[in-house]
Amino acid sequence: MSDNLSTKYNPQEVEAGRYESWLEQDLFKPSGDQNAKPYSIVIPPPNVTGKLHLGHAWDTTLQDMIIRQKRMQGYDTLWLPGMDHAGIATQAKVEEKLREQGISRYDLGREKFVDQVWEWKEEYADHIREQWAKLGLSLDYSRERFTLDDGLSKAVRTVFVKLYEKDLIYRGEYIINWDPQARTALSDIEVIHKDVEGAFYHMTYPLSDGTGELEIATTRPETMLGDTAVAVHPEDERYQQYIGKTVILPLVDKEIPVIADEYVDMEFGTGVVKITPAHDPNDFEVGNRHDLPRVNVMNDDGSMNELAGKYADMDRFAARKLIVSDLKELGRLVKIEKMTHSVGHSERTGVVVEPRLSTQWFVKMAPLAEKAIANQDTNNAVNFFPPRFNQNFLRWMENVHDWVISRQLWWGHQIPAWYHKETGEMYVGMEAPVDAENWLQDPDVLDTWFSSALWPFSTMGWPDTDSPDYKRYFPTNTLVTGYDILPFWVSRMIFQSLEFTGERPFENALIHGLIRDEQGRKMSKSLGNGIDPMDVIEKYGADALRWFLSNGSAPGQDVRFSYEKMDAAWNFINKIWNASRFVIMNVEGMTVADIDLTGDKTVADRWSLTRLNETITKVTDLFDRFEFGEAGRQLYNFIWDDFCDWYIEMSKEVLYGDDEASKQTTRSILVHTLDQILRLLHPIMPFVTEEIWSKIPHEGTSLVVADYPVAHPEFDDHTAADGMAVLMELIRSVRNIRSEVNTPLSKPITLLIKTTDAKVNTFLLENTSYIERFCNPEELVIDSEITAPDLAMSAVLTGAEIYLPLAGLINIEEEIARLEKELAKWDQEVKRVQGKLANERFVANAPEDVVAGEKAKEKDYLEKQAAVQERIVSLRTIE
């Protein structure tokens, strides 16, 4: 056994060097035991765009808790780490860095720019690994993957080619979301809509025959230069005479037709709308129905092009101002109506997204979505925790649009399509054509989510289905991720896995919420309310942060970070530390062979082992259901209340006595219970538990691979547990009464205990030593025939009433008032339990033992209610 613990818990001291020690011992790799059941998790790969935030810390802490527990339970565990190249996000960061140096990616060229991004990746990958180590994540680094690895790139090409061959990938011209700063297409879910101040610009288009004009309104006047029609509803009587005529497009002096289309809302605005097929997705559909030309008046950087005439080369928003000014000068501007409207912004660069006509690559989603939806009704379904997220998943799949997968970037998986330089013929394949010099590869790259959608199986060696990891660890067991990327990532992993492996990618999907600040606001740079998890670890230690993150909320709910909660987490660990110091000092010199739980036990010994069994059973069950907050509550209550505040204090009765056999039994139970507590806590707070465990008698090299606790039914003693419940209730009541009348524990008192239950009477008589130690009575009477003294404080227990005659310290009116409050409490408890038992559905559907428990509570509460009523009546007769 090592030296004793230091006198004060110091997380920096405890955590220093521990992670490196685990790595040196290869404790995080799979066991290799082919007889053990495999259990695998793949980490949601963080983007190599920066450092990890509190959300990552939460996400990975939950995964580490799961994998550590399963490893201790004897599973052959694999937790596979990796990172995502994060195409647009990483490219934007590197371009920003280059702009600060006064250069652009175009100055460097594609090859040199990509070299710069690889350098960035290596730098930030190192940061991420350092943070994983600080958090104590038990990852198998020998299997670390990156989404641009050769193996993953092969998987990406394989999927692209197969989908193309199945006609599920196609190339077409559509209106897409365009990021003018990054100069790339975006999918719908990469667009964030924000309410901004804007305007409706009302203007008139004159009829070509001079018979009048039509008023239209738009929020984007700059796009009018690309108008190719004006539309009205076919049933709108106001405009029937105009259908088929033409109007003159102001500023351009071009004749465009007036068409009828049901897309137009007769009730909105004037009932006349401009149609710009190259700059609006709805107008694009209208244009297709009426065979209208598509006039794109913008460049890919958001500036106006040569088709915009005098406005060419102007920024889109500058052009808007000048166009409005010119319309006013022409007498064509009717009014400007201020309004707030929802405008799409790029998730990555923050600029206003421009709907733009573009040739892009798309995935045809309907067949893939149908397969994913149908799978949720089979035994191969993904189990969502909480289950409500299954509906979110289904809703998204039912309303999914075709997925634009091409991005006009240089960092990413370049699309495996080539175009013949002379004939224009297109070739899609795993490798370049044989005569590569005659072909040009498509310059676009694939959406980042295209590769990360393959993560659970591409990291395991797929498309090599004979890969040992793929055969043993896929499908994976549990995915842990936030609800914000359910459509981005979770849904895509499910349909891609079903399509290419025929299996769900993971058995369980644990969906957690977001970390918010104390006011409930989302953490963001703009608000300046972000918290660096490394700063928190520096102050409180990783274990305290992990404890807070594991207990912060119920599954699926957001959690609010606060330093007050961190203080509470640190205090809990400090409590464990000090309790462990007491145990270690009292078991000095003991070895594993000395631990003997077979000797005669005190009621406190038997109760403590019973509570330990109950805690092990509950915590294991709650972990299996991913209810970590409730598991933490069970652990906290057992460790703080039962073990530290009660059992350790009661053990002193034996440890400071003369019975050596009893001392040995109590020491054995102390060290055994501490050992089991450390094992239960290890998945949540690995550093401090390993440190303490190293100081107590144990077998094995590390808690990382120690056996997880299991309940031992032979230690269950419900008689002792029931007796201890009464004893603890008695001690609390005496202490509360002493406190109310300012009588310190050091001052002896008279304590009368009137028993109403023979078993309770026997139990208390057998355990007077505890009553004497914790209540300090100068006179102690335990009897069923006690007459209540007139001037006494009282309390009602299960099976007993206690009286403390405190002459000169008791005010009858105040005592009656106190008892009336207590009566109100028991009235409420009786009402609650009787309401529950009156509910036929509860009685019919609840487990038999639960119903029996409620009936026992009813009996207990009714007895306490009657006893308090009787005491109030007796005191009132004195008044």
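Here the structure is a predicted model, which is why all the values come from computation and not from measurement.

*Asks:* Let's hear about helix α4 (residues 87-100): which residues, and what values?
*Replies:* Spanning 14 residues, α4 covers 20 Å between terminal C-alpha atoms, matching the ideal 20 Å at 1.5 Å per step. What α4 keeps buried is the set G87, I88, A89, T90, Q91, A92, V94, E95 and L98. G102 sits one or two positions beyond α4 and adopts a positive phi of about 80°.

*Asks:* An account of the side chain of K864 is requested, with residue identities and associated values reported.
*Replies:* Counting through the fold element by element, K864 comes out in helix α28 (residues 848-878). The residues contacting K864, other than those within four sequence positions of it, are E729, V796, L797, T798 and W826.

*Asks:* A description of the pattern of salt bridges should follow, citing residues and the corresponding values.
*Replies:* Inspection of every chain in the model, using the stated rule, returns 52 salt bridges. A salt bridge links D64 to R546; the shortest N-O distance between them is 2.8 Å. Of this pair, D64 sits in helix α3 (residues 54-72) while R546 sits in helix α17 (residues 542-551), placing them 482 residues apart in sequence. Here D64 matches R546 in class, with each residue buried. Salt bridges here are not isolated pairs; linked through shared partners, they connect E190, R407, D447 and R492.

*Asks:* Report on the packing of helix α19 (residues 603-624) against helix α23 (residues 718-740), specifying residues and quantitative values.
*Replies:* Look at α19 against α23: their axes get within 8 Å of each other, and the N-to-C directions meet at 105°. Between α19 and α23, the angle is such that the two are roughly perpendicular. On α23, the residues that touch V603, A604, R606, W607, T610 and E614 of α19 are H718, A720, A721, M724 and M728. Split into classes, the residues belonging to the contact of α19 with α23 amount to seven nonpolar, two polar and two charged.

*Asks:* Could you give an account of the pairing of strand β23 (residues 506-512), naming the residues involved and the relevant values?
*Replies:* Across the seven residues that make up β23, a large majority, six, are buried. As paired elements, strand β15 (residues 383-385) and β23 share three bridges and run parallel to each other. Bridging from a neighbouring strand, F385 pairs with L510 of β23. Summarising the sheet, strand β22 (residues 476-482) and β23 pair through six bridges and their orientation is parallel. In the strand pairing of β23, T481 is matched with I511. In the classification by handedness, the crossover that spans β22, the intervening helix α15 (residues 486-501) and the parallel β23 is right-handed.

*Asks:* Describe the sheet that holds strand β12 (residues 272-275), naming the residues involved and giving the relevant values.
*Replies:* The mixed open sheet is built from four strands, whose spatial order is β10-β11-β9-β12. Each having just a single partner strand, β10 (246-249) and β12 make up the two edges of the open sheet. Sheet twist, expressed as the average angle between the axes of neighbouring strands with direction ignored, equals 35°. Relative to strand β11 (residues 254-260), strand β9 (residues 229-232) runs parallel, the two being bridged by three bridges.

*Asks:* Residues and numbers for the domain arrangement of the protein chain, please.
*Replies:* Once the domains are mapped, the protein chain shows domain 1 (33-168 + 364-512), domain 2 (179-355), domain 3 (542-716), domain 4 (720-810) and domain 5 (813-877). Computed over C-alpha atoms, the centres of domain 2 and domain 3 are 68 Å apart.

*Asks:* Outline the packing of aromatic side chains, supporting the account with residue identities and numerical values.
*Replies:* Scanning all chains against the criterion turns up 46 aromatic pairs. Centroid distance Y9 to W570: 5.8 Å. Interplanar angle 40°. Geometry classified as tilted. Remark: W570 occurs in helix α18 (residues 563-586) and Y9 occurs in the segment before α1 (11-15); sequence separation between them is 561 residues. Taking relative accessible area as the criterion, Y9 reaches 1% and is therefore assigned buried. Their ring planes at 65° and their centres at 6.2 Å tell us that Y164 and W361 sit as a pair that is edge-to-face. One end of the pair, Y164, is in helix α7 (residues 150-165); the other, W361, is in strand β14 (residues 354-363), with 197 residues separating them in the sequence. Judged by relative accessible area, which is 29%, Y164 ranks as partly exposed.

*Asks:* Report on the sheet that holds strand β29 (residues 800-805), specifying residues and quantitative values.
*Replies:* As summarised here, the arrangement of the four strands in space is β27-β26-β29-β28, forming an open sheet in which the pairing is mixed. With one partner strand each, in any of the chains shown, β27 (777-783) and β28 (792-797) form the two edges of the open sheet. With strand direction ignored, the average angle separating the axes of adjacent strands in the sheet is 15°. In this structure, strand β26 (residues 749-755) lies alongside β27, joined through six bridges in parallel fashion. Directly across from K754, in β27, lies its bridge partner D783.

Cut-offs applied
- Residues numbered from 1 in each chain as written.
- Predicted model: local features only at pLDDT ≥ 70, side-chain atom pairs only at ≥ 80, totals over all residues.
- Heavy atoms only, no water.
- Helix = DSSP H or I, 4+ residues; strand = E, 2+ residues; numbered from the N terminus.
- Expected span 1.5 Å × (residues − 1).
- Buried < 20%, exposed > 50% of the residue type's maximum accessible area, 1.4 Å probe, protein only.
- Contact = heavy atoms within 4.5 Å.
- Salt bridge = Lys/Arg side-chain N within 4 Å of Asp/Glu carboxyl O.
- Axes fitted to C-alpha atoms, helices over the stretch in contact; angles between N-to-C directions.
- Parallel < 35°, antiparallel > 145°, perpendicular 65-115°, else oblique.
- Nonpolar A, V, L, I, M, F, W, Y, C, P; charged D, E, K, R; others polar.
- Pairing = 2+ DSSP bridges.
- Right-handed = clockwise from strand over helix to strand, strands pointing away.
- Domains from an automatic or database assignment.
- Phe/Tyr/Trp six-rings, centres within 6.5 Å; stacked < 30°, edge-to-face > 60°.

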